[in-house]
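# Architecture and fold: a report
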Amino acid sequence: MHLGLDTARLKQEWFSNIRGDMVAGLVVALALIPEAVAFSIIAGVDPKVGLFASFIISVTTAFFGGRPGMISAATGAMALLIIKLVADHGVEYLFAATILAGALQFAFRMLRLSRYIKFVPRSVMTGFVNALAILIFLAQLPQFTGASWQMYAMVAAGLAIIYGLPRLTKAVPSPLVAIVVLTGVAIMTGSDLRTVGDMGAMPTALPFFHIPAVPFTLDTLRIILPYSATLAMVGLLESLLTAKVVDEMTDTHSCKHNEAQGQGIANMVTGFFGGMAGCAMIGQSVINVQSGGRGRLSSLCAGVFLLFLILVLGDWVARIPMGALVAVMIMVAIGTFEWSSLKALRVMPKGESLVMIATVLTVVVTHDLAKGVLVGILLSAVLFARTVAKLVEVESRLGADGRRVYTVSGELFFVSVDDFVAAFDFKEAVGQVALDLTHAHIWDASAVSAIDRIVLKFRANGVQVELLGLNEASSTLLTRLGTHDKPGAALSLGH
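Overview of the structure. (Residues numbered from 1 in each chain as written. Predicted model: local features only at pLDDT ≥ 70, side-chain atom pairs only at ≥ 80, totals over all residues. Heavy atoms only, no water.)

### Observations regarding the overall build of the chain
Quick note on the threshold: Put simply, DSSP H or I for four residues or longer makes a helix, DSSP E for two residues or longer makes a strand, and each gets a number counted from the N terminus. Both definitions apply: the radius of gyration is a C-alpha atom measure, and the globule rule equals 2.2 Å times residues to the power 0.38. Between buried and exposed lies partly exposed: a residue is buried under 20% and exposed over 50% of the maximum accessible area for its type, with that area taken using a 1.4 Å probe on protein chains only. The contact criterion used throughout is that any non-hydrogen atoms of two residues lie within 4.5 Å.
The helix and strand tally for the chain stands at 22 helices and six strands. Since a compact globule built from 495 residues should have a radius of gyration of about 23 Å, the 29 Å found for the chain marks it as more spread out than a globular shape. Taken along the three principal axes of its C-alpha coordinates, the chain extends 100 × 55 × 50 Å. Burial status across the chain gives 52% buried among its 495 residues. Expressed as a percentage of contacts within the chain between residues at least 6 apart in sequence, the contacts between residues at least 24 apart total 84%.

Right, here's the structure in full:
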């Protein structure tokens with residue numbers, strides 16, 4: 001939140017919708033409990049790590065985030081990224097990586113780099129979200145290894161409640177009802193099923209300040225930096241994507257720079273208080289808005305109510321059967337996947353479809369969301385450059401004075417220069433040639449080099465060359481980098 005916020009904006013963001021924000025905060029808190037526990041189990045840490053993270057991040061972003069009404073907490077995207085770190089080095093390295101990720105996100109805001117999120121194409125964003133959904137689903141499969149029929153029945157019953165109850169009432173979150181009902185059934189029948197308590201310790205007290213017990217050495221930095229950089233990037237990507245969704249739902253604007261700041265501060269704080277890294281949650285943010293949440297108070301209430309519930313109900317949470325949580329996570333995976341993107345494959349440009357599929361496949365194969373996004377962006381850039389390169393046209397006409405005039409239109413850069421140079425006839429018997437660049441733009445050194453080659457080749461054949469219509473930017477670049485008008489330029493031809 002800005003230090004210089006005026007009173008009117010302060011009232012608008014905090015106190016304009018008190019009842020709606022408090023009710024929505026309670027609904028979100030109830031829905032956060034099973035997801036935070038499930039994300040902790042995915043990451044391989046005690047449930048309290050995800051629960052503490054959800055409390056701290058939700059409260060912190062309420063004050064420092066850029067998007068009122070958006071919910072941030074422990075998420076599946078971040079949990080998937082830290083599985084190997086926790087397995088190889090332990091939870092203390094997770095805390096250290098979380099703090100460093102927050103610092104990187106804060107630096108991202110200070111350098112105002114969030115503006116460059118617009119360079120991530122929609123097809124990459126869609127691939128990112130779909131890949132995340134697939135990974136969340138795949139992370140549930142180990143729970144079925146060696147499981148009895150009761151586990152399958154529990155998951156099936158959970159999904160039936162989750163998707164069936166909203167047809168009757170939406171007064172309470174159906175995932176919460178599924179967990180309460182299935183926990184009651186498991187207790188009454190004495191079913192031999194794994195429970196949350198079997199996966200690790202539940203919170204019994206408030207989180208406390210704790211400096212991660214890791215060596216402060218370069219070796220530690222080398223271990224955590226790759227994870228922290230990935231957490232920072234994926235967290236910002238998902239948070240800014242979520243902010244855009246909430247912007248559209250509420251028809252309001254949010255500060256993306258401040259969102260990067262809020263996420264950074266929240267992750268630094270949660271790392272020092274025994275929590276895992278987190279970011280904005282698309283699903284919970286939608287629930288919050290649909291439940292009437294609009295202001296920062298909704299995120300604050302969600303965190304406070306969550307802490308109260310886990311401290312009061314911790315013993316009961318520990319008795320939740322894993323089958324119920326698996327059902328919730330399958331619901332999250334189904335809800336996260338953009339099913340409309342499958343239908344869109346038939347009508348989308350082939351290049352965009354290829355980018356989305358490549359992003360998904362890269363993530364699923366490598367289990368690394370950051371690599372998928374990187375591949376998607378690079379492939380998009382290559383396809384875009386290829387498309388733009390085809391837009392360069394060279395038209396030729398012979399003037400009444402015997403001068404050959406080449407009219408060039410389009411963008412001249414490293415991808416388009418080969419076809420550009422090939423359009424000229426260097427063996428034609430003319431005395432003068434003019435290059436009309438009025439409708440063209442020179443973008444880089446490759447384009448300048450191409451112009452040099454064309455001019456010098458014509459000169460080598462005794463043809464005079466004139467460049468016409470250069471815009472100011474192109475002329476400046478050509479003057480600075482060009483060699484055709486420099487002494488001895490003809491001697492360098494071919495080198």
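### Section: a nonpolar patch on the surface
To keep things clear, this is the line we draw: Residues enter patches when their relative accessible area tops 30% and they take part in no salt bridge; the joining distance is 9 Å for like charges and 5 Å for the nonpolar side chains Val, Leu, Ile, Met, Phe, Trp and Tyr. We get accessible surface area from the Shrake-Rupley algorithm with a probe of 1.4 Å; when it comes to residues, only the shown protein chains can shield them. Only one rule defines a salt bridge in this text: a Lys or Arg side-chain nitrogen within 4 Å of an Asp or Glu carboxyl oxygen.
A surface patch of nonpolar side chains, about 670 Å² in accessible area, is lined by Ile187, Leu206, Phe308, Leu311, Val312, Leu313 and Trp316. Sort the elements by how many residues they give to the nonpolar patch and helix H14 (residues 296-312) lands first, with three residues. By the secondary structure assignment, leucine 311 is in helix H14. When its relative accessible area of 33% is taken as the criterion, leucine 311 is described as partly exposed.

### Considerations on the layout of surface pockets
To keep things clear, this is the line we draw: Both cavities and pockets are sets of points on a 1 Å grid over the protein atoms alone; in a cavity a 1.4 Å probe fits but cannot get out, in a pocket the set is open with protein on both sides within 12 Å along at least five of seven lines, and lining residues sit with an atom within 4 Å of a point. Grid points are joined across faces, edges and corners, and a volume is the space filled by probe spheres set on the points. Only Asp, Glu, Lys and Arg are considered charged, only Ala, Val, Leu, Ile, Met, Phe, Trp, Tyr, Cys and Pro nonpolar, and every remaining residue, Gly among them, polar.
By volume, the largest pocket is sized at about 1,200 Å³. Around the largest pocket, the lining comprises 40 residues; the ones closest to its centre are Gly283, Gln284, Val286, Ile287 and Met331. Going through the elements one at a time, helix H2 (18-43), helix H4 (76-81), helix H7 (122-138), helix H8 (149-164), helix H9 (174-189), helix H11 (218-250), helix H13 (282-290) and helix H16 (322-336) are the ones with two or more residues in the lining of the largest pocket. Looking at the lining of the largest pocket residue by residue, the classes come out as 26 nonpolar, ten polar and four charged.

### Comments concerning the packing of H2 against H16
Rule in force here: Axis definition: a line fit to C-alpha positions, over the contact stretch in the case of helices; interaxial angles, taken between N-to-C directions, run 0 to 180 degrees. Reported orientations rely on four angle classes, namely roughly parallel under 35 degrees, roughly antiparallel over 145, roughly perpendicular from 65 to 115, and oblique for the rest.
Between H2 and H16, the shortest axis-to-axis distance is 10 Å and the interhelical angle comes to 95 degrees. In this view, H2 runs roughly perpendicular relative to H16, as classed from their interaxial angle. Of H16, the residues touching H2 (which contributes Pro34, Glu35, Val37, Ala38, Phe39, Ile41 and Ile42) are Met322, Leu325, Val328, Met329, Met331 and Val332. Looking at side-chain class alone, the contact of H2 with H16 contains twelve nonpolar, no polar and one charged residues.

### What about the sheet that holds strand E5 (residues 432-442)?
Cut-off, in case you're wondering: For two strands to be treated as a pair, DSSP must find at least two bridges joining them.
Ordered in space as E3-E4-E5-E6, the four strands form an open sheet in which the pairing is mixed. On the outer flanks of this sheet lie strand E3 (393-398) and strand E6 (464-468), each paired with one strand and no other. Here the average twist between neighbouring strands, direction ignored, is 20 degrees. Sheet analysis places E3 next to strand E4 (residues 404-412), joined by six bridges and oriented antiparallel. Its bridge partner lying in E4, glutamate 395 is registered against threonine 407. In the packing of helix H21 (residues 445-460) onto the sheet, contacts are made with E4, E5 and E6, and the angle to E5 comes to roughly 175 degrees. Strands in contact with helix H22 (residues 472-481) are E5 and E6; relative to E5, the strand with the most contacts, it is inclined by about 115 degrees.

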